[in-house]
Amino acid sequence: MRSAVRLIVDVRQHVDEIARFQSHVVCGPSSSDCDIWAAAIGADGYGRFYLTREGMGLCVRPHRYALALARGVIEAGVLGLHQCDLPVCVKVAAEHVVAGSQGDNMERMARMRRGGGRYPVRRFDSRGVRRERSVALREAVRNGWDAAAVEAALLGNQPTLW
Ligand SMILES: [Zn+2]
């Protein structure tokens, strides 16, 4: 997926698209909570938001779209980085989604491995585990923010379904 293309989000031109984006986001009750993307999630655990621009279908990561919405534009190569370590978070804030380079991302990941993260990080995290957590979070907010279910999803100890 080409997730780092230049993306413009214009509050006048893209009214319907922005409304559709926002309809997929469930905001946490407190200002420190994440805002969770509650729609399509890819195999990598990141959300997927589908747009049509100039007659062309385009798939973007929702947290990067959120940055473009907040800033008006996000340049090619600029990534959305999760300070909160939740791939499905789309809250643009210093403790959540910030813009950065690939170098910033590597530095952030090294910091997380040293125990700087907010949530428990599995040493040998795999895409499967990350996607599982993203899907669990989506389910936890499907009918509005369920604090207990969100907590369980974050800790990865939701009951096994037989
Ligand atoms: Zn967050």
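Note: the structure precedes this text.
Residues numbered from 1 in each chain as written. Predicted model: local features only at pLDDT ≥ 70, side-chain atom pairs only at ≥ 80, totals over all residues. Heavy atoms only, no water.

A. Spatial organisation of the overall build of the protein. Within the protein, the secondary structure is distributed over five helices and eight strands. Starting at the N terminus and walking to the C terminus, you meet the elements of the protein as β-α-β-β-β-β-α-β-β-β-α-α-α. Burial status across the protein gives 43% buried among its 162 residues. In the protein, the proportion of contacts linking residues at least 24 apart, taken out of those at least 6 apart, comes to 58%. (Helix = DSSP H or I, 4+ residues; strand = E, 2+ residues; numbered from the N terminus. Buried < 20%, exposed > 50% of the residue type's maximum accessible area, 1.4 Å probe, protein only. Contact = heavy atoms within 4.5 Å.)

B. Structural detail: the side chain of Glu17. The residue Glu17 is located in helix H1 (residues 15–23) in this model. Taking the relative accessible area as the measure of exposure, Glu17 reaches 10% and is therefore buried.

C. Looking closely at the coordination of the zinc ion. The protein atoms donating to the zinc ion are Cys34 (SG), Cys84 (SG), Cys89 (SG) and His96 (ND1), with metal-donor distances spanning 2.0 to 2.4 Å. Around the zinc ion, the four donor atoms sit at angles spanning 105 to 115 degrees, and that spread fits a shape best called tetrahedral. (Donors = N, O, S within 2.8 Å, 3.2 Å for Na, K, Ca; no water. Tetrahedral: all angles 85-135°; square planar, octahedral: opposite > 155°, others 65-115°.)

D. Up close: the state of the cysteines. Scanning the model with the defined rule gives zero disulfides in all. Here Cys27 is not disulfide-linked; the sulfur of Cys89 is the nearest cysteine sulfur, at 9.5 Å. Look at Cys27 and you get partly exposed, because its relative accessible area is 47%. (Disulfide = S-S within 2.5 Å.)

E. Unusual backbone geometry, seen in detail. One non-glycine residue, Glu54, lies in positive phi territory at about 50 degrees. Tracing the backbone shows Glu54 in the loop between strand S4 (49–53) and strand S5 (56–60). The class of Glu54 is exposed, set by a relative accessible area of 81%. The residue Asp85 is not glycine, and still its phi comes out positive at about 65 degrees.

F. Examining the packing of H1 against helix H2 (residues 62–71) more closely. At a minimum axis separation of 12 Å, H1 and H2 run at an interaxial angle of 130 degrees. One way to sum up the angle between H1 and H2 is to call them oblique. The two elements H1 and H2 cross, and the hand of that crossing is left-handed. Touching Glu17, Ile18, Phe21 and Gln22 of H1 are Pro62, Tyr65, Ala66 and Leu69, all from H2. In the contact of H1 with H2, the residues fall into six nonpolar, one polar and one charged. (Axes fitted to C-alpha atoms, helices over the stretch in contact; angles between N-to-C directions. Parallel < 35°, antiparallel > 145°, perpendicular 65-115°, else oblique. Left-handed = near helix turned anticlockwise from the far one by under 90°. Nonpolar A, V, L, I, M, F, W, Y, C, P; charged D, E, K, R; others polar.)

G. Structural context of the packing of aromatic side chains. Taken as a whole and assessed by the stated rule, the structure comprises five aromatic pairs. When the centroid spacing of 4.9 Å and the interplanar angle of 75 degrees are considered together, the rings of Phe49 and Tyr65 count as edge-to-face. Within this pair, whereas Phe49 is found in strand S4, its partner Tyr65 is found in helix H2, the two being separated by 16 residues in sequence. Classification of Phe49 by relative accessible area gives buried; the value is 1%. On the accessibility criterion, Tyr65 (0% relative accessible area) is buried. Members of the aromatic cluster, joined through ring pairs, are Phe21, Trp37, Phe49 and Tyr65. (Phe/Tyr/Trp six-rings, centres within 6.5 Å; stacked < 30°, edge-to-face > 60°.)

H. Geometry of the pattern of salt bridges. All chains considered together, the criterion is met by six salt bridges. A salt bridge links Arg48 to Asp44; its shortest N-O distance comes to 3.2 Å. Where Glu139 meets Arg138, a salt bridge forms, and the shortest distance between an N and an O atom there is 3.4 Å. With relative accessibility at 40%, the residue Glu139 sits in the partly exposed group. (Salt bridge = Lys/Arg side-chain N within 4 Å of Asp/Glu carboxyl O.)

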